Protein chains: 2
Amino acid sequence: MRKVAIIGVGAIPVGEHWGTSLRDMAVEALLNAMDDAGVDKVDSLYVGNMASGSFVEQENLGTLIADFAGLGHIPAVKIEAACASGGAAVQEGFKAVASGLDDIVAVVGVEKMTDAWPTDATRYLAYASDAEYELFNGASFVALNALVMRLYMKEFGATEEDFAHFAVNAHKNGANNPYAMFKKVIKVETALRSPYIADPLKLFDASSVCDGAAAVILAPLDKAKEFTDTPIEIAGIGRAVDTINLANRRELLRLRATIEASRRAYKMAGVEPKDIDVIEVHDAFTIMAAMALEDLGFVPKGQGAKVASEGQIAVDGDYPIQTMGGLKARGHPVGATGVYQTVEAVWQLRIDAGKNQVPDPEIALTQNIGGTGSNITVNILRRV
Amino acid sequence: MRKVAIIGVGAIPVGEHWGTSLRDMAVEALLNAMDDAGVDKVDSLYVGNMASGSFVEQENLGTLIADFAGLGHIPAVKIEAACASGGAAVQEGFKAVASGLDDIVAVVGVEKMTDAWPTDATRYLAYASDAEYELFNGASFVALNALVMRLYMKEFGATEEDFAHFAVNAHKNGANNPYAMFKKVIKVETALRSPYIADPLKLFDASSVCDGAAAVILAPLDKAKEFTDTPIEIAGIGRAVDTINLANRRELLRLRATIEASRRAYKMAGVEPKDIDVIEVHDAFTIMAAMALEDLGFVPKGQGAKVASEGQIAVDGDYPIQTMGGLKARGHPVGATGVYQTVEAVWQLRIDAGKNQVPDPEIALTQNIGGTGSNITVNILRRV
């Protein structure tokens, strides 16, 4: 199996892109990445996207984006794993290069959510749950995450203030990221005073509906230096599913899919949690960030929210997470998120993260969650 | 790169499955294939599906199906390439095995279309076109194919009767396939007397809205004999896109994506059109079957409809196509179709196709089209 490296990254700022269509967003991010890699053609294209059929009435995204990016008669396909579509697309692109079938592979994550009415957006997102049971009974993703958060607080004595620190950290880091949706620094009080959406989950515990696109270009590691002085190896990939329906889990406070996906990725990369210098977790809700720190093996179960309130998740802390704003402040255009995480990890490993630079990192980990922890990808990147 | 074989196949009959949910359809096909392969677990799952979000309000199909099939915490993902999703899913599963990452990989294609109102189904299918231009202006897939058919008839002197022979052949073969939706033999007159949907395209030129699921199990070729006495090698894969919008094509009567995808598949398998014994083409509309025979290299441009009317497409003819009924008679549950084609090609190569058995075939080709020829997969299977 060939080793694989990232030779170029690109993105557009996350936001509400009322005047730009999905295809134009994706093509801009893709061409930015191709420009960064110094390539004017690719062998194949993988598109990470969750629900473009519902949001903008367009399927066949592989074709659409390859066509409008002028890539010619290449193979192109869309990868869907709910909100983990982006991380999964990076992994499928990895396999195309690793197998030897393709040399230069483009991966673009894109989602345009703001064209839908807000109530419809909530419904479309719930298609990632067990629609016939959870959605049918009116459980939105906010509600499902609130159930888990409530249980976590009861079980481990965590407080709403503990969780607020995840939002504060995200907004602090997002303020220095030109691609972030929210660039405003907030205080703990700001988060605590925000309205409840589903008790105990408040507005600032949740990421927003938004639009975005990000892209990476992959190549065989042994050819990567022909394109860039700073190739970043994809050293390990892991993915795992859990029950789609939260009610069918044996335990609610442990994401088995994170544990299994990260076990595979750590093993493939030959590293352990202590070796990770930059951690991009899927903080669609603050409770998910807390549990990620635990299930990825960084802190013991029940300590995730505590280390946030102690400041250990800052860029200069022991567990630097959401270093460019995370899903909360950079934004969470669902199918694009995993690719944004990858782009940001590359910035960190290239020592190109500006004011948010983690000191001299060598290894970064990205965790991307689909559903209520039902489909999770973990990728480990390494400076070469 | 490791060689890859199919060690098991399974399906459910195509039809209108009012009483069965998408998950149950997919799980039944998948378990049939696992039973056929003699495996009770797999390393990963690929799901071919076009538009479950629109049709049944359910995304995250990789998780859903892995969960309800009891496959545990494996990696699972959905592959979308419009109506070519099934063929593309087989290819992505191929890469997982070829790369060495996974040994036993399950691929299931599934689509449940009949839960939607018929007018909505037409709209959801049109999401595979250039939705902002073609769908917005009211062009359905039937209308787009009718334009191509009209031009083909004008350019090459083909008649409506020539095209009717594709439907007659499909129904004749479907009558012997227990998994086919339509098992009724028809005459040329039946097809010719059917109503116009979009002149010159008539009811019997088109495949139907339906439900279905099919699955295959993949393994490394060198381990395949541990599971089955009749492994079928996936000897070549090819995929290519074209402009998503028909109006942007340089020529309408040549599917560049078929030409490019088949060129890659032939090269990888080391074969030529004359070596192919069984041909499963994407006859969603009869005009697409005619053009497939030409663009795959079997007959000269303009002769595709003619060889049908001369009977050369029959099971014992020079170009046996739709050998188990094709999209017209077996049915076209869009995201599942490419996997049904693969299953049927395996039946033929195992000499297990009953009354429709092509005499002693060694090599089969499947062509699966997404959009109006905008995303096409070609797979070549070989008896080992």
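Structural data are supplied above this passage.
This write-up is about the structure you can find in this document. Keep in mind it's a predicted model, so treat the numbers as computed, not measured. (Residues numbered from 1 in each chain as written. Chains lettered and ligands numbered in written order. Predicted model: local features only at pLDDT ≥ 70, side-chain atom pairs only at ≥ 80, totals over all residues.)

This brings us to the relation of the copies chain B and chain A. Under the fitted operation, chain B is carried onto chain A by 0.0 Å of movement along the axis and a turn of 180°, and the coordinates agree to an RMSD of 0.0 Å. The superposition operator between the copies reduces to a two-fold rotation axis. Scanning chain B for the C-alpha nearest the rotation axis identifies Ser99 of chain B, at a separation of 1.9 Å. Both copies share a contact surface, since 100% of the interface residues of chain B are interface residues in chain A too. (Least-squares fit on C-alpha atoms with pLDDT ≥ 70 in both. Contact = placed C-beta atoms within 7 Å.)

The subject of this paragraph is the interface of chain B and chain A. At the junction of the two partners, chain B supplies 51 residues and chain A supplies 51 residues. Here the residues of the side of chain B that touches chain A sort into 24 nonpolar, 15 polar and 12 charged. The pairing of strand β3 (residues 76–80) of chain A with strand β3 (residues 76–80) of chain B spans three bridges and is antiparallel. Each residue of the ladder has a partner; that of Lys78 of chain A, found in β3 of chain B, is Glu80 of chain B. (Nonpolar A, V, L, I, M, F, W, Y, C, P; charged D, E, K, R; others polar. Pairing = 2+ DSSP bridges. Helix = DSSP H or I, 4+ residues; strand = E, 2+ residues; numbered from the N terminus.)

Residue and element names in this part refer to chain B. Here helix α4 (residues 85–98) crosses helix α15 (residues 337–349) at 65°, and the two axes come no closer than 5 Å. As judged from the angle between their axes, α4 and α15 are roughly perpendicular. Every residue of α15 that contacts α4 at Ser85, Gly86, Gly87, Ala88, Ala89 and Val90 is listed here: Thr337, Gly338, Val339 and Thr342. Broken down by class, the residue content of the contact of α4 with α15 amounts to four nonpolar, six polar and no charged. (Axes fitted to C-alpha atoms, helices over the stretch in contact; angles between N-to-C directions. Parallel < 35°, antiparallel > 145°, perpendicular 65-115°, else oblique.)

Counting 308 residues, the largest nonpolar core has Val108 and Ile217 of chain A together with Val108 and Ile217 of chain B as the members making the most contacts within it. Every residue in contact with Ile217 of chain A, bar those within four places of it in the chain, is listed here: Ile6, Ile7, Gly8, Ala33, Met34, Ala37, Val39, Val42, Ile104 and Ala106 of chain A. (Core = buried A, V, L, I, M, F, W, Y, C linked by C-beta atoms within 7 Å. Buried ≥ 20, exposed ≤ 12 C-beta atoms within 10 Å, placed from the backbone.)

All names here are of chain A. Orientation of helix α7 (residues 141–156) relative to helix α12 (residues 286–295), taken along the N-to-C sense of each, is 55°, at an axis distance of 9 Å. One way to sum up the angle between α7 and α12 is to call them oblique. Handedness of the α7/α12 crossing: left-handed. Within the contact between the two elements, α7 uses Asn145, Val148, Met149 and Tyr152 and α12 uses Ile287, Met288 and Ala290. (Left-handed = near helix turned anticlockwise from the far one by under 90°.)

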